[in-house]
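Report on the structure
Chain by chain, the residues:
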Amino acid sequence: MAESKQADRHIGQTKGIRNHDHDLIHELSVRLDAIWRYDQYIANAETEKAEEARALWEDIKQQDLQTVERLKGIIRDHVRNNDF
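In this report, we go over the structure that sits alongside the text. No experiment lies behind these values; they were computed from the predicted model shown. (Residues numbered from 1 in each chain as written. Predicted model: local features only at pLDDT ≥ 70, side-chain atom pairs only at ≥ 80, totals over all residues. Heavy atoms only, no water.)

**Some remarks on the nonpolar core**
Applied cut-off: Here the nonpolar core consists of buried residues drawn from Ala, Val, Leu, Ile, Met, Phe, Trp, Tyr and Cys, with membership extended through side-chain atoms lying within 4.5 Å. Only protein chains enter the accessibility calculation, which uses a 1.4 Å probe. A residue is then buried if its area is under 20% of the maximum for its type, exposed if over 50%, and partly exposed in between. Secondary structure elements follow DSSP: runs of H or I no shorter than four residues count as helices, runs of E no shorter than two count as strands, and numbering proceeds from the N terminus. In what follows, residue pairs with any heavy atoms lying within 4.5 Å of each other are defined as contacts.
Listed in full, the eight residues of the largest apolar core are Leu24, Leu28, Ala34, Ile35, Tyr38, Val68, Leu71 and Ile75. Going through the elements one at a time, helix H2 (19-47) and helix H3 (51-80) are the ones with two or more residues in this core. Considering every element that reaches this core, the biggest residue donor is H2, with five residues. Ignoring any residue separated from it by four or fewer positions in sequence, one finds Tyr38 in contact with Trp57, Ile60, Lys61 and Asp64.

**Quick word on the packing of aromatic side chains**
A ring pair, where both rings are aromatic, is described by two values, the distance of the centres and the angle of the planes. Rules: Side-chain rings of Phe, Tyr and Trp, where Trp is taken by its six-membered ring, are said to pair if the distance between their centres is within 6.5 Å; with planes under 30 degrees apart they count as stacked, over 60 as edge-to-face, and otherwise as tilted.
Under the definition given, this model contains three aromatic pairs. Taken together, a centroid distance of 4.6 Å and an interplanar angle of 50 degrees make the contact between Tyr41 and Trp57 tilted. One end of the pair, Tyr41, is in helix H2; the other, Trp57, is in helix H3, with 16 residues separating them in the sequence. Aromatic ring contacts, followed pair by pair, group Tyr38, Tyr41 and Trp57 into a single cluster.

**Some remarks on H3**
Selection rule: One fewer than the residue count of a helix, multiplied by 1.5 Å, yields its expected span.
Here H3 spans 43 Å end to end across 30 residues, near enough to the 44 Å set by a 1.5 Å rise per residue. Taken together, the buried positions of H3 are occupied by Arg54, Lys61, Asp64, Val68, Leu71, Gly73, Ile75 and His78. Tucked into the core, H3 has its buried residues touching H2. Looking at the residues trailing H3, positive phi occurs at Asn82, about 55 degrees.

**Looking at a nonpolar patch on the surface**
Applied cut-off: A patch consists of residues whose relative accessible area exceeds 30% and which take part in no salt bridge; residues with like charges are grouped when within 9 Å of each other, and nonpolar side chains (Val, Leu, Ile, Met, Phe, Trp, Tyr) when within 5 Å. Per-residue accessibility takes into account occlusion by the displayed protein chains alone, with areas from the Shrake-Rupley method and a 1.4 Å probe. Salt bridge, as used here, is a side-chain nitrogen of Lys or Arg placed within 4 Å of a carboxyl oxygen of Asp or Glu.
A contiguous nonpolar patch, built from Ile17, Ile25, Val79 and Phe84 and spanning about 310 Å² of accessible area, is present on the exposed surface. Along the chain, Ile17 turns up in the loop between helix H1 (2-8) and H2.

**Thoughts on the side chain of Arg54**
One can find Arg54 in helix H3. Those residues within four positions of Arg54 in sequence are excluded, and the remaining contacts are Ile42, Ala45 and Glu46.

Laid out in structure tokens, this is it:
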């Protein structure tokens, strides 16, 4: 047990970027992956005649597309201001 604690002691000490910048990049990646899947979810709902589910996935996709643009804008501003 003591050996495991020693091995884990320094995890996370080295950072390539600040936490909030990492959070922005991570969330952008998560949202991009989700958007990529929504087309399949929409197609599944169309095939199974699940109109309410299809509308839900289309709404969520549009919301995530807007969020992606917002995240990209914030990241872009940080980079332009040399604050990244």
